[in-house]
Amino acid sequence: IVSWEGDGNVSKTLSHSLGVVPDAIFVKNRDGANDWRVFNSRMASDPETDHLVLATNLAFADAGYADSSWQDTMPTSSVFYVGDSGSVNTDGESYVAYVWADVDGFSRYGAYIGNGSTAGPFCWTGMKPATILIKRIDSSGQWFMHDNKRSTYNPVAARLEPAVTDDEATN
């Protein structure tokens, strides 16, 4: 967990202390109304130029449209970068980032290609996950969060949708 005060500069370097290159970064402006910006190292061939927004159903967006979320620079094993976007670095605003990396038996970040089947593709995580967060990235679509407390056996039907204000959903 990393926190900082924004300075509005086009480049800010932040230490994350993971010791490995992060696979996912979630950033939130704690003072403003901006939504969570999400970085996933596997969502595109150039993830440092793209981001997702947790509270929307939009596909991933290229940060180069005058919104420099990650400075078009990949994180390293010791730091990550934010630009001058209001969602990541407005002068005088407070921010928090949750920075994650794969840890065998604990966390896994990735991507898969859907197959249109109700069974879907099999995605090996190396463990029995407690929580799964899924987002379609090639077009608009809701975020879906499934956990092992709502549905305790397959098929897992109960879910939360972070981009909507609805209660728990099932299908």
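We now turn to the structure provided with this report. (Residues numbered from 1 in each chain as written. Predicted model: local features only at pLDDT ≥ 70, side-chain atom pairs only at ≥ 80, totals over all residues. Heavy atoms only, no water.)

So, on to the overall build of the protein chain. From N to C terminus, the protein chain includes zero helices and twelve strands. Counting helices and strands in the order they occur from the N terminus, the protein chain gives β-β-β-β-β-β-β-β-β-β-β-β. The C-alpha atoms of the protein chain give a radius of gyration of 17 Å, which matches the 16 Å a tight globule of 171 residues would have. Considered along the principal axes of its C-alpha atoms, the protein chain spans approximately 50 × 35 × 30 Å. The proportion of buried residues among the 171 residues of the protein chain is 37%. Long-range pairs, those at least 24 residues apart, make up 50% of the contacts in the protein chain between residues at least 6 apart in sequence. Each charge class in the protein chain was averaged separately, 12 positive and 22 negative side chains, and the resulting centres sit 9 Å apart. (Helix = DSSP H or I, 4+ residues; strand = E, 2+ residues; numbered from the N terminus. Rg over C-alpha atoms; globule rule 2.2 N^0.38 Å. Buried < 20%, exposed > 50% of the residue type's maximum accessible area, 1.4 Å probe, protein only. Contact = heavy atoms within 4.5 Å. Lys, Arg positive; Asp, Glu negative; His and termini not counted. Charge placed at Lys NZ, Arg CZ, Asp CG, Glu CD.)

Another aspect to go through is the environment of Asn9. Tracing the sequence through the fold places Asn9 in the loop between β1 (2-5) and β2 (12-15). Judged by its relative accessible area of 41%, Asn9 is partly exposed. Counting along the chain gives 86 residues from Asn9 to Tyr95, while the straight-line C-alpha distance between them is 14 Å.

Side-chain alternation along strand β4 (residues 37-40) places Arg37 and Phe39 on one buried face and Val38 and Asn40 on a second face that is also buried. Of the strand pairs in this sheet, strand β3 (residues 24-29) and β4 are connected by four bridges, and their pairing is antiparallel. Note on β4: the bridge partner recorded for Ala24 is Asn40. The sheet contact formed by β4 and strand β5 (residues 50-53) spans two bridges and is antiparallel. Note that in β5 the partner of Arg37 across the bridge is Val53. (Pairing = 2+ DSSP bridges.)

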